[in-house]
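# Residue-level structure breakdown
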Amino acid sequence: MKRLFYFIATLLAASPSLADIYKYTDSNGVTTYTNIRPDGKQKPELVISGPRETEAPPVAREKKPAAKTPTPNNFPKVDNQVQTQRDMKRREILLAELDQEKQALENAKVLYEEAKNTPEVYRGANGKTFRNVAKYEEKLHIIEAEIQAHERNIALLNKELNQ
């Protein structure tokens, strides 16, 4: 009881920026003091109530639009026809990459099916054959990660092409 008194006295004398302090007993009979109001079945008792004064929020500064700097006269300019050609070339490159990713995805899926049907085995000292389950699962996880990477790449390429 003395500890509780000293605890509360210390909290009262600590500083003017006190928070609400709650006391509650959980289902195991443990008494807890906290500044966070507990949720749920516990019935908190407000031991100390902190100040209710709130500081005014700081005044937000207005964001000034960034001043656009004029383009220098000697800055190289590209006409619409050249830009269109560049855009078409970029699209061709992206389509080629998309085809390569789709082919790599199909190859990875075939490899996964083959690996799934081929267990990892090793021969023991007595000539008996054993399965190496850890190596088998590791091999499958590596191929699964490769499949996911190809699927992600395909999605990103499609997103880039559709912009």
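Report on the accompanying structure. Residue positions are given per chain, counting from 1 as you read along its sequence in written order. For this predicted model, a pLDDT threshold of at least 70 governs which residues receive local features, and a threshold of 80 or more governs which side-chain atom pairs are given and counted, while totals over whole chains, interfaces and linings are taken from all residues. Side-chain metrics rest on all non-hydrogen atoms present in the structure, leaving aside hydrogens and water.

Next up on the list: the pairing of strand 2 (residues 31-34). In this analysis, strands are considered paired if DSSP registers two or more bridges between them. The way it works is that DSSP assigns letters per residue, a run of H or I at least four long becomes a helix, a run of E at least two long becomes a strand, and they are numbered from the N terminus. One ladder, built from four bridges, connects strand 1 (residues 21-25) with strand 2; its direction is antiparallel. Each bridged residue has a counterpart across the sheet, and for T25 the counterpart in strand 2 is T31.

Our next topic: the pattern of salt bridges. Any Lys or Arg side-chain nitrogen found within 4 Å of a carboxyl oxygen on Asp or Glu counts as a salt bridge. For the structure shown, the criterion picks out two salt bridges. Across the pair R90 and E160 runs a salt bridge whose closest N-O atoms are separated by 2.1 Å. Here E160 lies in helix 3 (residues 133-161) and R90 lies in helix 2 (residues 80-116), a separation of 70 residues in the sequence. Relative accessible area decides the class of each residue, using a 1.4 Å probe on protein chains only: under 20% of the type maximum gives buried, over 50% gives exposed, and in between gives partly exposed. On the accessibility criterion, E160 (30% relative accessible area) is partly exposed. The shortest N-O distance in the salt bridge between K139 and E120 comes to 2.8 Å. Of this pair, K139 sits in helix 3 while E120 sits in the loop between helix 2 and strand 4 (121-123), placing them 19 residues apart in sequence. The partly exposed category is assigned to K139, whose relative accessible area is 24%. In this structure E120 comes out as buried when scored by relative accessible area, which is 19%.

On to the nonpolar core. Think of a nonpolar core as a cluster: buried Ala, Val, Leu, Ile, Met, Phe, Trp, Tyr and Cys residues, connected wherever their side-chain atoms sit within 4.5 Å. Counting 12 residues, the largest nonpolar core consists of L94, L98, L105, A108, Y112, A115, L140, I143, I147, I154, L157 and L161. Setting aside residues no more than four positions away along its own chain, Y112 makes contact with L140, I143, E144 and I147. Note on contacts: a residue pair is in contact if any heavy atoms of the two residues lie within 4.5 Å.

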